[in-house]
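The chain contents come next:
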Amino acid sequence: GAPFPDRDLIVVITCGVIVLTLLQALLLPGVVRYARLPVDNSVAEERRLAEVATTDAAFDALEMTAAELGTDERVIDRVRHDLEKRRKLLAADGAVDDPFVQHDDQYTALRLALIARKRVALLELRDSQQIDDIVLRQVQAGFDIEEVRLSRQTPVD
């Protein structure tokens, strides 16, 4: 057991690195705020471009795809209506004063509130032992999927 050479120097350097790292972590958010860097909107712009392009592509392919699948005209009309609605929402670009956006926001809020009511009714069925926990979880999973779908329909900010 001979003493490790320059042990004290290694300990001092290690402590210095730790202290500088902690200081950097404390000071960096303030430095970034002081720099007033512009907000990076590139991801939002690319997402909006992707949503517009894919919605337009689906709309353009609707007739041909429906013909290939032998789809009923009522179903085609429903899908066309949904695609047109999506195109109008994307064209509004999230403008709060746009009546179409307001209508869609109210529709989404109402659907989400009704899902909450469905959850309460479902729990009452389970509590009164009309359904068991397996059925409860299966139906709740469907509600969860519907909530996620509704929450993702909002246009890009």
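Conventions used here
- Residues numbered from 1 in each chain as written.
- Predicted model: local features only at pLDDT ≥ 70, side-chain atom pairs only at ≥ 80, totals over all residues.
- Heavy atoms only, no water.
- Core = buried A, V, L, I, M, F, W, Y, C linked by side-chain atoms within 4.5 Å.
- Buried < 20%, exposed > 50% of the residue type's maximum accessible area, 1.4 Å probe, protein only.
- Helix = DSSP H or I, 4+ residues; strand = E, 2+ residues; numbered from the N terminus.
- Contact = heavy atoms within 4.5 Å.
- Expected span 1.5 Å × (residues − 1).
- Arc of directions from axis to C-beta.
- Patch = residues over 30% accessible without salt bridge, like charges linked within 9 Å, V, L, I, M, F, W, Y side chains within 5 Å.
- Areas by Shrake-Rupley, 256 points an atom, 1.4 Å probe, with all protein chains shown as cover.
- Salt bridge = Lys/Arg side-chain N within 4 Å of Asp/Glu carboxyl O.
- Axes fitted to C-alpha atoms, helices over the stretch in contact; angles between N-to-C directions.
- Parallel < 35°, antiparallel > 145°, perpendicular 65-115°, else oblique.
- Left-handed = near helix turned anticlockwise from the far one by under 90°.
- Nonpolar A, V, L, I, M, F, W, Y, C, P; charged D, E, K, R; others polar.
- Polar contact = N/O pair within 3.5 Å; in protein donor to acceptor, adjacent residues only side chain to side chain.
- Phe/Tyr/Trp six-rings, centres within 6.5 Å; stacked < 30°, edge-to-face > 60°.
- Lys NZ or Arg CZ within 6 Å of the ring centre and 35° of its normal.
- Bend = angle between axes of the 7 residues up to and from the residue.

Novice: Teacher, can you tell me more about the nonpolar core here?
Specialist: In this structure, Ile115, Leu122, Ile131, Leu136, Phe143 and Leu150 together form the largest nonpolar core, which totals six residues. Take this core: its biggest share by element is three residues, from helix 5 (residues 133-151). In contact with leucine 136, other than residues within four places in its own chain, are Leu122, Leu123, Arg126 and Ile131.

Novice: Any chance you could explain helix 5 here in plain terms?
Specialist: For helix 5, built from 19 residues, the straight-helix expectation of 27 Å at 1.5 Å per residue is met to within 8% by its first-to-last C-alpha distance of 26 Å. Listing the buried residues of helix 5 in full gives Leu136, Phe143, Glu146 and Leu150. All buried residues of helix 5 project into a common sector of 90° when viewed along the axis, lining one side. Residues of helix 5 that are exposed and point over 90 degrees away from its buried face: Arg137, Gln138 and Ile145. Check the buried side of helix 5 and you find it contacts helix 4 (99-127).

Novice: Please explain the environment of leucine 28 as it appears in this structure.
Specialist: Within the secondary structure layout, leucine 28 lies in helix 1 (residues 7-35). Taking the C-alpha atoms as reference points, leucine 28 and histidine 81, 53 residues apart in sequence, are found 50 Å from one another.

Novice: Help me out: how do you make sense of a nonpolar patch on the surface in this one?
Specialist: Together, Val19, Leu20, Leu23, Leu26, Leu27, Leu28, Val31, Val32 and Leu37 line one region of the surface with nonpolar side chains, adding up to about 890 Å² of accessible area. Along the chain, leucine 20 falls in helix 1. Residue classification places leucine 20 among the exposed positions, given a relative accessible area of 59%.

Novice: Sorry if this is basic, but what is going on with the packing of helix 2 (residues 42-69) against helix 3 (residues 73-92) here?
Specialist: Packed helix pairs are specified by the crossing angle of their axes together with the interaxial distance, meaning the distance between the axes. Relative to each other, helix 2 and helix 3 sit at 160°, their axes nearing to 10 Å. Relative to helix 3, the element helix 2 lies roughly antiparallel. In the packing of helix 2 onto helix 3, the handedness of the crossing is left-handed. Facing helix 2, whose interface residues are Arg48, Glu51, Val52, Thr55, Asp56, Ala58, Phe59, Leu62, Glu63 and Ala66, helix 3 presents Ile76, Val79, Arg80, Leu83, Glu84, Arg86, Arg87, Leu90 and Ala91. Among the residues making up the contact of helix 2 with helix 3, the classes are represented as 10 nonpolar, one polar and eight charged.

Novice: Sorry, what's going on with the pattern of salt bridges here?
Specialist: In a structure, side chains of opposite charge can pair up when their charged atoms sit close to one another. Summed over all chains, the structure comprises 14 salt bridges. Between arginine 126 and aspartate 133 there is a salt bridge, with the nearest N and O atoms lying 3.5 Å from each other. With a relative accessible area of 36%, aspartate 133 lands in the partly exposed category. Taken together, the salt bridges that share partners define one network made up of Arg47, Glu51 and Arg86.

Novice: Help me understand the side chain of threonine 55, please; the structure alone is not making it clear to me.
Specialist: If you trace the backbone, threonine 55 turns up in helix 2. A polar side-chain atom of threonine 55 sits 2.7 Å from the main-chain carbonyl oxygen of glutamate 51. Beyond its immediate sequence surroundings of up to four residues, threonine 55 is in contact with Leu83, Arg86, Arg87 and Leu90.

Novice: I would appreciate a short explanation of the packing of aromatic side chains in the present structure.
Specialist: Given two aromatic rings, one states the distance between the centres and the angle between the planes to describe the pair. Per the counting criterion, the structure on display carries zero aromatic pairs. The side chain of arginine 87 reaches across the aromatic face of phenylalanine 59, ending 4.2 Å from its centre.

Novice: Help me understand helix 1, please; the structure alone is not making it clear to me.
Specialist: Each α-helix winds once per 3.6 residues, and so residues spaced three or four apart point in a common direction. Taking 1.5 Å of rise per residue, the 29 residues of helix 1 would be expected to cover 42 Å, and the 40 Å separating its terminal C-alpha atoms lies within 8% of that figure. Most pronounced at leucine 27, the bend in helix 1 amounts to some 35°, and the proline proline 29 follows within four residues. Just downstream of helix 1 lies arginine 36, where phi reads positive at about 50°.

This is a description of form; function is not addressed.
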